[in-house]
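# Descriptive analysis of the structure
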Amino acid sequence: MHALQEQIDRVEAVLESYCRAGPAFRLLKSTAGIGEVLATVILLETGNIARFAGAGNYVSYCRCVGSAHLSNGKKKGSGNTRNGNRYLAWAYVEAANFAVRYCEPARKFYQRKKAKRNGIVAIKAVAHKLARACYHMLRTREVFSVGQALQIPRGYQKSYLYNQCHRITQQRYSESGQKT
């Protein structure tokens, strides 16, 4: 057990020097639902964000979109659903679960989607929104904004819950920035 703990410590030290010191790591951690482990997985599995032509390509690579072949509005089969990075798919679904649990705007978006479909489709929709937000954050180097990512109506953005969630996100980003 001690030998395994030493190996884990060495791997964590390499991860700390490689990705946790960079600005992209702090940007990802500013996202609702993404902590240190998920930010590390997303950063390492994504690689260079410039290799994706657009947000749709990145989200498709993360397995956060449906796969269906349509002709004249009728379903003619399903595509390759296992195409893409399974680790990014897992990371964004986990981030969506945490965002729904701890961020009120994400919970509201999830509940709206769940009322129309089922819970699994709703979590995938939140994961899709988070993946798009992370793409734009990594591309433009801007901090996560809950209102822009989840397309919350203007009246709701002024509410107390939105401001509280945004304040917590900003606080997490500034705290992680002070450590480096």
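As a reminder, the structure under discussion sits directly above these lines.
So, a few notes on the structure that sits alongside this text.

Basis of the calculations
- Residues numbered from 1 in each chain as written.
- Predicted model: local features only at pLDDT ≥ 70, side-chain atom pairs only at ≥ 80, totals over all residues.
- Heavy atoms only, no water.
- Helix = DSSP H or I, 4+ residues; strand = E, 2+ residues; numbered from the N terminus.
- Polar contact = N/O pair within 3.5 Å; in protein donor to acceptor, adjacent residues only side chain to side chain.
- Salt bridge = Lys/Arg side-chain N within 4 Å of Asp/Glu carboxyl O.
- Buried < 20%, exposed > 50% of the residue type's maximum accessible area, 1.4 Å probe, protein only.
- Core = buried A, V, L, I, M, F, W, Y, C linked by side-chain atoms within 4.5 Å.
- Contact = heavy atoms within 4.5 Å.
- Patch = residues over 30% accessible without salt bridge, like charges linked within 9 Å, V, L, I, M, F, W, Y side chains within 5 Å.
- Areas by Shrake-Rupley, 256 points an atom, 1.4 Å probe, with all protein chains shown as cover.
- Lys, Arg positive; Asp, Glu negative; His and termini not counted.
- Charge placed at Lys NZ, Arg CZ, Asp CG, Glu CD.
- Axes fitted to C-alpha atoms, helices over the stretch in contact; angles between N-to-C directions.
- Parallel < 35°, antiparallel > 145°, perpendicular 65-115°, else oblique.
- Nonpolar A, V, L, I, M, F, W, Y, C, P; charged D, E, K, R; others polar.

## Considering the side chain of Glu104
Within the element layout of this structure, Glu104 appears in helix H6 (residues 104–116). Side-chain polar atoms of Glu104 contact the side chain of Arg107, separated by 2.3 Å.

## Comments concerning the pattern of salt bridges
In this structure the tally under the stated criterion is four salt bridges. Salt-bridge contacts for Arg107 lead to Glu104; the nearest nitrogen and oxygen are separated by 2.3 Å. Here the residue Arg107 and the residue Glu104 both occupy positions in helix H6, the gap between them amounting to three residues, near one helical turn. Judged by its relative accessible area of 18%, Glu104 is buried. Salt bridges here are not isolated pairs; linked through shared partners, they connect Arg20, Lys29 and Glu36.

## Focus: the nonpolar core
Residues Leu28, Ile42, Tyr58, Tyr92 and Leu130 are the most contacted members of the largest nonpolar core, which totals 42 residues. When contributions to this core are tallied by element, the ones reaching two or more residues are helix H2 (23–29), helix H3 (36–46), helix H4 (55–61), helix H5 (86–102), H6 and helix H7 (119–140). Here this core gets twelve residues from one element, more than from any other, and that element is H7. Among all residues touching Tyr92, those that are not within four sequence positions of it are Ile42, Tyr58, Cys62, Cys64, Ala127, Leu130, Ala131 and Cys134.

## Here's the deal with a positive patch on the surface
There is a patch of like positive charges on the surface, built from Arg112, Lys113, Lys116 and Arg117. With respect to the helices and strands, Lys116 occurs in helix H6.

## Overview of the packing of H5 against H7
Helix-helix packing is characterised by the crossing angle of the two axes and by the distance between the axes. Orientation of H5 relative to H7, taken along the N-to-C sense of each, is 105°, at an axis distance of 8 Å. Relative to H7, the element H5 lies roughly perpendicular. The residues of H7 that touch H5, namely those facing Tyr92, Val93, Ala95, Ala96, Asn97, Ala99 and Val100, are Ile123, Lys124, Val126, Ala127, Leu130, Ala131 and Cys134. Classifying every residue of the contact of H5 with H7 by side-chain character gives twelve nonpolar, one polar and one charged.

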